[in-house]
Amino acid sequence: MSVRTVASFLRAASGRLALGSLLGLLLFAAETVWLLKAGVVGVDIPLDGPYAALAAAVRPLLPGVILRVVAVYMVAGGLLGLGAAVLTSAWTRRGGWVALALMVPHWVGLLLFWAWDRALARPALFDDLPAVRPVLAWLVDHGEPWQARAAAGAWVAVHLAVLAWRGARGLRRFVASGGPAPLRAERAAWAVVAGVVVVLAVAVTVRRVVPSVRQPLVVLIGIDAFRPDRLGATGHGVAPQVERFLQDATLFTQAYTPVAQTEPAWRSLLTARWPYRTGVRYPLTPDARLVLAPTFAQRFTDAGWRTVFATDCSRFHFEGPASGFARRWQPPRGAINFALEKLRYRALGLFADNPAGAAWVPEFIDNRALAGIHDPMGYARRLSDGLVAEAGEGPLLFAFHATAAHFPGDPVYPFYRRYVSSSEPLERRLRMHFAPVSPGAKGAWNRAGAEGLYDELIAQADAQVGTLLDALRASGRYDDALIVLMSDHGESFHADRPDLAGATSVHGARLGDEENRILLAVKMPGGRGAGPAQVDALARLVDVGPTLLELSGLSALPESDGASLGPLLRGEGRPLTPLYAETGYTHVSPEVFDPGHWPGAPRTFDAYRLRPDGVVEMGDDAGTAVLREKDTGAFDGQRWVVDRPQADGSVRRTCMGDCEGADARALADWLDDATERAPESASRRVAGHVDDRNDSRPPGNVRPPQRLLRVWPGQPQGAAHPQPRGG
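Predicted, not measured: the structure shown is a model, and the values here were computed from it.

Enquirer: Just to check I follow, could you spell out the overall build of the protein chain for this structure?
Expert: On a plain count of helices and strands, the protein chain comes out with 23 helices and 15 strands. Here the protein chain, with 727 residues, has 56% of them falling under the buried criterion. Once local pairs closer than 6 in sequence are excluded, the contacts in the protein chain between residues at least 24 apart make up 73%. Entry remark: accessible area of the protein chain is about 29,000 Å², with carbon and sulfur atoms responsible for 62%.

In structure tokens:
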């Protein structure tokens, strides 16, 4: 190949690459115009009121983000341009404008095939485009991934066949006669280009296998909002990977969270303390309210372990240095994350859903908030690679919070057609939909549809968990690992309220089994047979940290409310330790479920404030109101005792379950002990109780008889049976 031929080829290739990049840039410009017309938060659009601060915080960060997005469009467009140039060469030998004119429709064709494939995989990428909804609806009902790939393969095969035929003719004419070498060289060069494109495509999709070295390994996996009734015969096959794991683990059938919302639940998990002792008692708690306390993750870090926390959603659960994890893989925190949800550059879901794209624009690709753009299964594969790699570097504590069953709640293939009826509107099938939680709300969905979508999202999270566990099995690390599988809370679909059948589901609004009962299973090193298959004793989320520390041979946390589950895992008993629980802060006013309840905190954007660094947090006044509106309760496995603040300033106490006898009275006393220690206890008065807040009695396990005069109708008065405090 002569120097002139090489130079000619390079000029042609660079021209095609430049044209492809230009087309990518034009695609970016078209999407930007669409976003501007839609009114995107943070771009040059005048915004008034509370959104003005959000826009002001986001605007300085956007240039860097946008430049990286532009780079993705140009690089992907250039690679498409090279592919389109190879296909174009099947139809013309001429260069110049003719070849360029033919290349453009081929570039668009490749893009459309790519979009077809991704629309089948993640239909939420296009569900908010009215023009494509009829086609998308057909794909959701009837499409399969092989269809797009087969059509693209056939289209490319036709071009390659024509190219091969023309090449064969050229060889017969020129090779035998020693004809022009440049032509042969140019076609060979284009073949090399095609090979490079194929290699690049394979390189971004093939998993990297990392050899592992056996080191102590502790894995904690939390599935957001997983209800235990999705297991066994009542689960309808929603979670096969969890079921498979349970064959090797001990399942705690009576496990509960102290607060059914992610951020406060995880803080209680990490510190092994009740929410009123952590300071984190509702989503977006200000850092100033955080009570610094040792965490079990910090214990592992101090002992020389590698500690990693990972999640794909950080809008309402972001772990900072106070978590104790040395490394934290999570989307950005604050205003920029809320704004990214509006920056729906859909082609990112085509071009960047691979390891290279996730490394370049992780705030888009590894961010659950971006419906359709985020690829949950690709994320799980990359995460499992990271888990195996970290496990080979030394002793590792690895925690992952899977958030598939959370807004925007967009199931991917094959999950979006499993449990929701095809007769439901398309928008209901592809994403969670907010409907007011108010009696008889108009235009609401039915409960079966809401639970069906929830089941699809739980199945998706289950598949993510299976990807991580399969990676551990493939690397030989599964059997010797200590693995805890849990959920932070359940989910309520208002089964007891027919008038709320179509309202949005909720967690953190009421105390009880639907929202507070959780999944909790522990696999000891050694796998099946290392512990009992099932434990029916009461377990609490605050017990997880002490359990991990004991089983790993590390020192316990000071002043812990939790207690190790080690004795139960060894088939032994342990003293009954009740659960303290409180409601969180949700989109639902507590009056909906409890008429006469204190109406509570504001449920508008005004409840929040934006710090100068862009972090969104609840305002002080709203936070104080949230603490005042909280229901607090205790559960001992047989009964719930719950205190509900009323609009008249009193607190109404109720009991659910077996509410007679000394044990019931003892649980009520235990709750009084716990709530007296809460910061807002000075402003709470339980109706029917003697006000002895200012007595000089030291903290103890049992209140004197006069503290409990009448808690619920029909209860006899008398002294309570002594009962130990939890933890």
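Enquirer: What's the story with the pairing of strand β14 (residues 639–645) in this structure? I'm lost.
Expert: A regular strand places its side chains on the two faces of the sheet in alternate fashion. The buried fraction of β14 is high, at 7 of 7 residues. Covered by surrounding structure in β14 are Arg639, Val641, Asp643 and Pro645 together with Trp640, Val642 and Arg644, the residues of both alternating faces. In the sheet, strand β13 (residues 632–635) pairs with β14 via 4 bridges, with the strands oriented antiparallel. Residue pairing for β14: Ala634 is matched across the bridge by Val641. Pairing of β14 with strand β15 (residues 651–657), which is carried by 7 bridges, proceeds in the antiparallel orientation. The residue bridging Arg644 from the neighbouring strand is Arg652, located in β15. As consecutive antiparallel partners, β14 and β15 are separated by 5 residues, and within that stretch Gly649 has a phi angle of approximately 95°, a positive value.

Enquirer: What should I look at first to understand the pattern of salt bridges in this one?
Expert: Where charged atoms from two side chains of opposite charge approach closely, those side chains can pair. In the structure shown here, the tally under the stated rule is 49 salt bridges. Of the charged contacts, one joins Asp375 and Arg122 as a salt bridge, the two residues approaching to 3.9 Å between their closest N and O atoms. You can see Asp375 sitting in the loop between α15 (362–365) and α16 (376–391) and its partner Arg122 sitting in the loop between α4 (96–121) and α5 (133–142), a full 253 residues away along the chain. For the residue pair Asp375 and Arg122, the accessibility class agrees, reading buried in each case. With a shortest N-O distance of 2.3 Å, Arg327 and Glu390 are connected by a salt bridge. Remark: Glu390 occurs in helix α16 and Arg327 occurs in strand β4 (residues 327–329); sequence separation between them is 63 residues. Here Glu390 falls in the buried class, since its relative accessible area comes to 7%. Within this structure, Asp287, Arg333, Arg609, Arg611, Asp613, Glu617 and Asp620 form a network of salt bridges that share partners.

Enquirer: How do you make sense of the sheet that holds β14 when you look at a structure like this?
Expert: The antiparallel open sheet is built from 4 strands, whose spatial order is β10-β13-β14-β15. Of all the strands in the sheet, the pair left with one neighbour each is β10 (579–582) and β15. Put simply, the sheet's adjacent strands are angled 20° from each other on average, direction ignored.

Enquirer: What is the right way to read the side chain of Asp455 from this model?
Expert: With respect to the helices and strands, Asp455 occurs in helix α18 (residues 447–475). Assessed through its relative accessible area of 8%, Asp455 is described here as buried.

Enquirer: Honestly, the packing of α16 against α18 in this entry has me stumped. Any pointers?
Expert: When two helices pack together, their arrangement is captured by the angle between the axes and the distance separating the axes. Between α16 and α18, the shortest axis-to-axis distance is 9 Å and the interhelical angle comes to 30°. The angle between the axes of α16 and α18 places the two elements in the roughly parallel class. Crossing of α16 over α18 shows right-handed handedness. On the side of α16, the interface is formed by Pro376, Met377, Tyr379, Ala380, Arg381, Leu383, Ser384, Leu387 and Val388, while α18 contributes Gln460, Ala463, Gln464, Thr467, Leu468, Ala471, Leu472 and Ser475. Of the residues assigned to the contact of α16 with α18, the class counts are 11 nonpolar, 5 polar and 1 charged.

Enquirer: Where do I start with the packing of aromatic side chains in this structure?
Expert: Think of a pair of aromatic rings as described by two things: how far the centres are apart, and how the planes are tilted against each other in angle. The final tally for this structure, using the stated rule, is 21 aromatic pairs. For the ring pair Tyr413 and Tyr416, a centre distance of 6.2 Å and an interplane angle of 65° mean the geometry is edge-to-face. When the ring of Tyr454 is compared with that of Phe493, the centres are 5.3 Å apart and the planes differ by 70°; the resulting orientation is edge-to-face. In this pair, Tyr454 is assigned in helix α18 and Phe493 in the loop between β6 (482–486) and α19 (513–516), connecting sequence segments 39 residues apart. Summarising the burial analysis for this pair, Tyr454 and Phe493 share the class buried. Three or more aromatic residues link up through ring pairs in this structure, and these residues are Phe28, Tyr73, Trp114, Tyr345 and Phe351. Across from the ring centre of Tyr478, 4.4 Å away, lies the NZ or CZ of Arg473, which sits over that ring. If you follow Arg510 out to its NZ or CZ, it ends over the ring of Phe593, 4.1 Å from the centre.

Enquirer: It is not clear to me how the environment of Leu387 should be interpreted in this structure. Could you clarify?
Expert: The topology assignment puts Leu387 in helix α16. On the basis of relative accessible area, Leu387 is assigned to the buried category, the value being 0%. Between the C-alpha atoms of Leu387 and Ala399, which are 12 residues apart in sequence, the distance is 9.6 Å. In this structure, Leu387 is in contact with Val219, Leu396, Phe398, Leu468 and Leu472, ignoring residues within four places of it in sequence.

Enquirer: So what exactly am I meant to see when it comes to the confidence of the model for the protein chain here?
Expert: Detailed reading of the predicted coordinates is not advisable wherever pLDDT falls low. Taken residue by residue, the protein chain gives an average pLDDT of 84. The fraction at 70 or more is 82%. Ignoring residues within four places in sequence, the model shows residues 40–46, a span with pLDDT below 50, making 21 contacts including any to other chains. Note on residues 682–727: pLDDT is under 50 here. Beyond four places in sequence and across chains, it has 105 contacts.

Enquirer: Before we go on, may I ask you to explain unusual backbone geometry in this structure?
Expert: The bulk of non-glycine residues show a negative phi, and the bulk of peptide bonds are trans. In this model, Phe407 is joined to Pro408 through a cis peptide bond whose omega is 10°. Relative to the elements of secondary structure, Pro408 occurs in the loop between β5 (396–402) and α17 (426–430). The linkage connecting Tyr413 with the following residue, Pro414, adopts the cis geometry, with an omega of 5°. Tracing the backbone shows Pro414 in the loop between β5 and α17.

Enquirer: I tried to follow the pairing of strand β8 (residues 520–523) on my own but got confused; where do I start?
Expert: Of the two faces of β8, both are covered, the one formed by Leu520 and Val522 as well as the one formed by Ala521 and Lys523. Two strands pair when backbone bridges link them, and strand β2 (residues 250–256) and β8 are joined in this way by 2 bridges, in the antiparallel orientation. Its bridge partner lying in β8, Thr250 is registered against Val522. Where β6 meets β8, 4 bridges bridge the pair, whose relative direction is antiparallel. Looking at β8, one finds that Leu485 is bridged to Ala521.

Enquirer: How should I be thinking about empty space enclosed by the protein in this particular structure?
Expert: Empty space among the atoms becomes visible once a probe the size of a water molecule is rolled across them. Across all of its chains, the model carries 2 cavities of 30 Å³ or more by this definition. When its volume is computed, the largest cavity comes out at roughly 190 Å³. In terms of lining residues, the largest cavity is bounded by 17 residues, among which Met432, His433, Ala450, Leu453 and Ser505 are the most central. Considering every element that reaches the lining of the largest cavity, the biggest residue donor is α18, with 4 residues. Among the residues forming the lining of the largest cavity, the class breakdown is 11 nonpolar, 4 polar and 2 charged. Considered as a void within the structure, the second largest cavity measures approximately 90 Å³ in volume. Lining the second largest cavity are 14 residues, and of these Ala509, Thr583, Pro590, Arg603 and Glu629 lie nearest its centre.

Enquirer: Would you mind going over helix α3 (residues 62–88) with me for this structure?
Expert: What sets the pattern is the α-helix's 3.6 residues per turn: residues three or four places apart point alike. With 27 residues, α3 extends 38 Å from end C-alpha to end C-alpha; this agrees with the ideal 39 Å at 1.5 Å per step. Of all 27 residues making up α3, 19 are buried, and the element is well covered by its neighbours.

Calculation rules
- Residues numbered from 1 in each chain as written.
- Predicted model: local features only at pLDDT ≥ 70, side-chain atom pairs only at ≥ 80, totals over all residues.
- Heavy atoms only, no water.
- Helix = DSSP H or I, 4+ residues; strand = E, 2+ residues; numbered from the N terminus.
- Buried < 20%, exposed > 50% of the residue type's maximum accessible area, 1.4 Å probe, protein only.
- Contact = heavy atoms within 4.5 Å.
- Areas by Shrake-Rupley, 256 points an atom, 1.4 Å probe, with all protein chains shown as cover.
- Pairing = 2+ DSSP bridges.
- Salt bridge = Lys/Arg side-chain N within 4 Å of Asp/Glu carboxyl O.
- Axes fitted to C-alpha atoms, helices over the stretch in contact; angles between N-to-C directions.
- Parallel < 35°, antiparallel > 145°, perpendicular 65-115°, else oblique.
- Left-handed = near helix turned anticlockwise from the far one by under 90°.
- Nonpolar A, V, L, I, M, F, W, Y, C, P; charged D, E, K, R; others polar.
- Phe/Tyr/Trp six-rings, centres within 6.5 Å; stacked < 30°, edge-to-face > 60°.
- Lys NZ or Arg CZ within 6 Å of the ring centre and 35° of its normal.
- pLDDT = per-residue confidence, 0-100.
- 1 Å grid on protein atoms, 1.4 Å probe; cavity = no way out; pocket = protein on both sides within 12 Å on 5 of 7 lines; lining within 4 Å.
- Points joined across faces, edges and corners; volume = space filled by probe spheres on them.
- Expected span 1.5 Å × (residues − 1).

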